[in-house]
Amino acid sequence: MFESRGTLGVLRNQRPGTHGVGGMELFFDLVYVFAIIQLSHFLLHHLSWQGAAEAAVLFAAVWWGWNYTAWAMNWLDPQHASVRVLLAFLMLCALGMAIAIPESFGERAWLFAGAYIVFQIVRSAFMVLAFRGQQMGRNYAQLLAWSGIASVVWIAGAAAPEEYRLAVWALAVIVDYMAPLVGFWLPGVGTSDMSTWPLDEPHLAERSRLLFIIALGESILILGGVLLEAELTPAVVTAAVMGFCAIVMLWWLYFSARHGNAYHEAPELERASHVARAAYAYAHAFMVAGAIVAAVAVELVVAHPLENEGWPVALTLTAGPALYLLGNIGFVAAHTGRAPTSRIVALGLLVLVLPLNAVLINLLAGAVVTLILLGLLLATVTLRQSSRPAGASTR
């Protein structure tokens, strides 16, 4: 499949595992720096159950746009002029989504939904043409049909009264995310089996690493921004150092040679797409979301270290690492078939200390969560990080 240039001559001609991330792909990710900043600020200013649900729906759309693009670039040649034009256009769509985020459930609902719909439809249509006459062309035609179905629901949400928009857009997200799970089934057509998607898993793994670093970078930007404006009291400095350590630990856990997305042995070609769907399309959504929520928690603790803001801060502190761990458990399970015990234990501890954190001042609540992350890191770290593929340990 990778040796065919396709109808438009825009497909890669290398075999799986032989090509890296291109410069245009890195350029494309720049717009997601802004999108992630917008998402974290949206959550920061909407610390309520409804605000969290709205942020989740917005993140789901932003992530799905990136995810489908990352998959498409497994097959497209980033050096081809038309592919570069496509990515530039998709960047523009992602930028439209990002600038709409603050008012996406208000006056900019049409901008967010419209940019997302065009993002998904144009890319899928391009892939249908690129693979015309091949099995992958049929696969992408079914994906395009599902994107069209979801688009109707996104449009309905934008047209609905504001009090109903969240529910309708949540349904749109469900349609989008269910599509791969049911094999893009269509009546009279059937499904497109994952074995017919010959994926380059190492390429997608690298793309996911880069985006996770962008998500963690938001924590650094927020931390620096708060410190520029804050009086550097002992409590603020302590909170800042603690927040920085938590960011480093999340990075270390993510790139762990044992249970992280470090360089690893690629799965067999016939399994690669099945593994990648679970590990990158779905599990990585939780890990990246966790990094974004962690950035919000850092700002809350550093800005008000000696205050007790109760459940909103406690839940935010817990949700960041908890979402990451949920994703990490799914990631490891997709590759090994087993869930890592250390991650499950750490997740359980985060849930157990949640009531305690609700009554502690922000600084101490942050310290409790940081200590749990430290314990997890010490339980899984090796003194000498190896670049060789990790084993199948489930510790």
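The structure under discussion appears in the preceding block.
Residues numbered from 1 in each chain as written. Predicted model: local features only at pLDDT ≥ 70, side-chain atom pairs only at ≥ 80, totals over all residues. Heavy atoms only, no water.

*Asks:* So what's going on with the overall build of the chain? Residues and values would help.
*Replies:* Of regular secondary structure, the chain possesses 13 helices and 0 strands. The secondary structure elements of the chain, listed N-terminal to C-terminal, are α-α-α-α-α-α-α-α-α-α-α-α-α. By the compact-globule yardstick of 21 Å for 395 residues, the chain fits well, its C-alpha radius of gyration being 21 Å. By its C-alpha atoms, the chain is 65 × 55 × 35 Å across when sized along the principal axes. Counting all 395 residues of the chain, 54% fall into the buried class. Taking as baseline every contact in the chain between residues at least 6 positions apart, the subset at least 24 positions apart corresponds to 79%. Of the roughly 16300 Å² of accessible surface on the chain, a fraction of 69% belongs to carbon and sulfur atoms. Of the side chains in the chain, 19 bear a positive and 23 a negative charge, and the two mean positions are spaced by 13 Å. (Helix = DSSP H or I, 4+ residues; strand = E, 2+ residues; numbered from the N terminus. Rg over C-alpha atoms; globule rule 2.2 N^0.38 Å. Buried < 20%, exposed > 50% of the residue type's maximum accessible area, 1.4 Å probe, protein only. Contact = heavy atoms within 4.5 Å. Areas by Shrake-Rupley, 256 points an atom, 1.4 Å probe, with all protein chains shown as cover. Lys, Arg positive; Asp, Glu negative; His and termini not counted. Charge placed at Lys NZ, Arg CZ, Asp CG, Glu CD.)

*Asks:* Tell me about the side chain of Gln 142, and please be specific about residues and values.
*Replies:* Positionally, Gln 142 belongs in helix 5 (residues 135–159). Among the polar contacts made by the side chain of Gln 142, one reaches the side chain of Arg 138 at a distance of 3.0 Å. Discounting chain neighbours no more than four positions away, the residues touching Gln 142 are Gly 183, Phe 184, Leu 186, Val 189, Gly 190, Thr 191 and Ser 192. (Polar contact = N/O pair within 3.5 Å; in protein donor to acceptor, adjacent residues only side chain to side chain.)

*Asks:* Can you tell me about the layout of surface pockets, naming the residues and giving the values?
*Replies:* In this structure, the largest pocket encloses a volume near 760 Å³. Lining the largest pocket are 27 residues, and of these Ala 52, Ala 56, Val 293, Ala 319 and Leu 323 lie nearest its centre. At the level of secondary structure, the elements contributing two or more residues to the lining of the largest pocket comprise helix 1 (23–44), helix 2 (49–72), helix 9 (269–303) and helix 10 (311–336). Per-class residue counts for the lining of the largest pocket are 24 nonpolar, 3 polar and no charged. (1 Å grid on protein atoms, 1.4 Å probe; cavity = no way out; pocket = protein on both sides within 12 Å on 5 of 7 lines; lining within 4 Å. Points joined across faces, edges and corners; volume = space filled by probe spheres on them. Nonpolar A, V, L, I, M, F, W, Y, C, P; charged D, E, K, R; others polar.)

*Asks:* So what's going on with the packing of helix 2 against helix 7 (residues 201–229)? Residues and values would help.
*Replies:* Orientation of helix 2 relative to helix 7, taken along the N-to-C sense of each, is 145°, at an axis distance of 10 Å. Along this stretch, helix 2 crosses helix 7, giving a crossing that reads as right-handed. When helix 2 is examined against helix 7, the residues Trp 63, Trp 66, Ala 70 and Trp 71 are found in contact with a partner set consisting of His 203, Leu 204, Arg 207, Ser 208 and Leu 211. (Axes fitted to C-alpha atoms, helices over the stretch in contact; angles between N-to-C directions. Left-handed = near helix turned anticlockwise from the far one by under 90°.)

*Asks:* Lay out empty space enclosed by the protein with the relevant residues and their values.
*Replies:* By the definition in use, this model includes 3 cavities of 30 Å³ or more. What the largest cavity holds in volume is close to 190 Å³. What lines the largest cavity is a set of 18 residues, and nearest its centre among them are Ala 246, Ala 294, Ala 297, Val 298 and Leu 317. Those elements giving two or more residues to the lining of the largest cavity turn out to be helix 8 (234–254), helix 9, helix 10 and helix 13 (362–380).

*Asks:* Which residues make up the environment of Ala 285, and what values go with them?
*Replies:* Looking at the element boundaries, Ala 285 is found in helix 9. Once the C-alpha coordinates of Ala 285 and Val 122 are considered, the two residues, 163 residues apart in sequence, prove to be 23 Å apart. Excluding its chain neighbours within four sequence positions, the residues that come into contact with Ala 285 are Phe 59, Trp 63 and Tyr 280.

*Asks:* Run through the packing of aromatic side chains, naming residues and quoting values.
*Replies:* Across all of its chains, the model carries 25 aromatic pairs by this definition. Considering the side-chain rings of Phe 212 and Tyr 254, the 4.0 Å spacing of their centres and the 10° angle between planes classify their relative orientation as stacked. Taken together, the residues Phe 212 in helix 7 and Tyr 254 in helix 8 connect sequence positions 42 residues apart. For Phe 212, a relative accessible area of 0% puts it in the buried group. Note on Tyr 254 and Phe 255: the rings are 4.9 Å apart at their centroids and 80° apart in plane angle, and the pair reads as edge-to-face. For Phe 255, a relative accessible area of 21% corresponds to the partly exposed category. (Phe/Tyr/Trp six-rings, centres within 6.5 Å; stacked < 30°, edge-to-face > 60°.)

*Asks:* Tell me about a nonpolar patch on the surface, residues and numbers included.
*Replies:* Residues Phe 34, Phe 89, Leu 92, Leu 95, Ile 99, Leu 111 and Val 118 make up a contiguous nonpolar surface patch of roughly 540 Å² in combined accessible area. With 4 residues, the top contributor of residues to the nonpolar patch is helix 3 (residues 81–100). Structurally, Leu 92 can be placed in helix 3. A relative accessible area of 55% means that Leu 92 is categorised as exposed. (Patch = residues over 30% accessible without salt bridge, like charges linked within 9 Å, V, L, I, M, F, W, Y side chains within 5 Å. Salt bridge = Lys/Arg side-chain N within 4 Å of Asp/Glu carboxyl O.)

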